[in-house]
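# Remarks on the overall topology
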Amino acid sequence: GAANVDIMGESAARLVMEDSNPGTLSVSVGGVTRNVCENTARLGLPTRLITTVGEDMYGEKIRSWCRECGIATDSFITLPGKNSSSYVSIHRSDGEMAVALSDMRILQELTPARLEPMRDKLSAAAAIVVDGCLPQETLRYIIRTFGGSVPIFADPVSTAYARRMRPVLRGIDTLQPNRLEAEILSGRSIRCEADYFRASEGSWAQGVRRVIISPGSRGCYYADNMGQRLWSRTRPLQQVENATGAGDAAMAGVVYAALHGFSPEHTVEFAIGCSLCAISSSDTIRADISPALCESYIKEYVR
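Now for a description of the structure that goes with this document.

Cut-offs and rules
Residues numbered from 1 in each chain as written. Predicted model: local features only at pLDDT ≥ 70, side-chain atom pairs only at ≥ 80, totals over all residues. Heavy atoms only, no water. Patch = residues over 30% accessible without salt bridge, like charges linked within 9 Å, V, L, I, M, F, W, Y side chains within 5 Å. Areas by Shrake-Rupley, 256 points an atom, 1.4 Å probe, with all protein chains shown as cover. Salt bridge = Lys/Arg side-chain N within 4 Å of Asp/Glu carboxyl O. Helix = DSSP H or I, 4+ residues; strand = E, 2+ residues; numbered from the N terminus. Buried < 20%, exposed > 50% of the residue type's maximum accessible area, 1.4 Å probe, protein only. Core = buried A, V, L, I, M, F, W, Y, C linked by side-chain atoms within 4.5 Å. Axes fitted to C-alpha atoms, helices over the stretch in contact; angles between N-to-C directions. Parallel < 35°, antiparallel > 145°, perpendicular 65-115°, else oblique. Left-handed = near helix turned anticlockwise from the far one by under 90°. Contact = heavy atoms within 4.5 Å. Nonpolar A, V, L, I, M, F, W, Y, C, P; charged D, E, K, R; others polar. Pairing = 2+ DSSP bridges. Right-handed = clockwise from strand over helix to strand, strands pointing away.

This next bit is on a nonpolar patch on the surface. Together, Met 17, Val 88, Ile 90, Val 99 and Leu 101 give the surface a local cluster of nonpolar side chains, amounting to about 450 Å² of exposed area. Listing elements by their share of the nonpolar patch, those giving two or more residues are strand S7 (85–91) and strand S8 (97–103). Positionally, Met 17 belongs in the loop between strand S1 (4–11) and strand S2 (23–30). Residue class for Met 17 comes out exposed when judged on its relative accessible area of 57%.

Let's shift gears to the nonpolar core. Among the nonpolar cores identified, the biggest contains 43 residues, and Ile 128, Val 130, Ile 142, Met 165 and Leu 175 are the most heavily contacted of them. At 5 residues, the largest contribution of residues to this core is made by helix H5 (residues 136–146). Among the nonpolar cores identified, the runner-up in size contains 32 residues, and Ile 272, Cys 274, Cys 277 and Tyr 301 belong to it.

Another point: the pattern of salt bridges. Inspection of the entire model under this criterion finds 16 salt bridges. Between Glu 201 and Arg 188 there is a salt bridge, and its shortest N-O distance comes to 4.0 Å. Of this pair, Glu 201 sits in helix H8 (residues 193–204) while Arg 188 sits in the loop between helix H7 (179–186) and H8, and the two are 13 residues apart along the sequence. Where Arg 198 meets Asp 195, a salt bridge forms, and the shortest distance between an N and an O atom there is 2.7 Å. On the criterion of helical spacing, the pair formed by Arg 198 and Asp 195 is a turn pair, its members being 3 residues apart in helix H8.

As a further point, take the packing of helix H1 (residues 32–42) against helix H9 (residues 246–259). Each pair of packed helices can be described by the angle between their axes along with the distance between the axes. The interhelical angle for the contact between H1 and H9, taken along N-to-C directions, is 55°, at an axis separation of 8 Å. On the basis of their axis angle, the class for H1 and H9 is oblique. The handedness of the crossing between H1 and H9 is right-handed. Along its contact with H1, which presents Val 32, Asn 35, Val 36, Asn 39 and Thr 40, the element H9 presents Asp 248, Ala 249, Met 251 and Ala 252. Its residues assigned to classes, the contact of H1 with H9 comprises 5 nonpolar, 3 polar and 1 charged.

Time to look at the pairing of strand S10 (residues 152–155). A two-sided burial pattern is seen for S10, the buried positions comprising Ile 152 and Ala 154 on one face and Phe 153 and Asp 155 on the other. The pairing of strand S9 (residues 128–131) with S10 spans 4 bridges and is classified as parallel. If you follow Val 130 over to S10, its bridge partner there is Ala 154. As a crossover connection, the stretch from S9 through H5 into S10 is right-handed. Inspection of the sheet shows S10 paired to strand S11 (residues 174–175) by 2 bridges, in the parallel sense. By the bridge assignment for S11, Phe 153 is matched with Thr 174. Remark: the S10/helix H6 (residues 159–165)/S11 crossover connection has right-handed handedness.

Right, here's the structure in full:
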């Protein structure tokens, strides 16, 4: 999935649109699947990233950053003459994102034909994570080819990409949308707690085994096709430093929980714990994230 160079700006005071705002700028490496991979690697899981990069400065930065945090990069596909993905986000003074712009055209080059030589590696994986930024034909290829033997975890990324993902849901093990994405994927509105279950039913009907929906700061909703459903609520965090990487950390927590046989209750709690780790740090990926640190956040804010 996606791997970008991220440029993030945060306003020092109230953000004024159509004007220059004093603030801070930082450059890091991101992309939904890449962020999930960095979190899983830092949590101690052997992790490989398959993505496309250009033969440029951003591509080399993505590659070197991934190596430093323990992600295997031998499956990178380098495309001369193409620009590596980049993402620019502007945040309010409280850390919440106001607007963002991405150039991810190179990811459309990650086609089934380019993945076919990696069939053995994908078949041998303990889990596969995909994001909605992939071409629809690539999502379909991965889910249909490997979904019967390898659990596939999918993040829609945005409402626009959720529309692309909706026709290819059958075969996904775990779907992790936010509320707006869940509405599009299920074809059902979510206005109250009961609607979360109805939206999950809509996804099961399309072949998804379980759905984990984040309503935001309220916690997490879990439902699977065996009838298990639960809310796990969280107490408010004292200070949100950066909310950008919360969903990616939560997905990494869900993958970690699945590979360690956690119960549904502990899975949701661990996902929230990872999310709280992320938003407590000024960096999109918290460098010191660990299972023990996540459990400490669970103890303080969830249980």
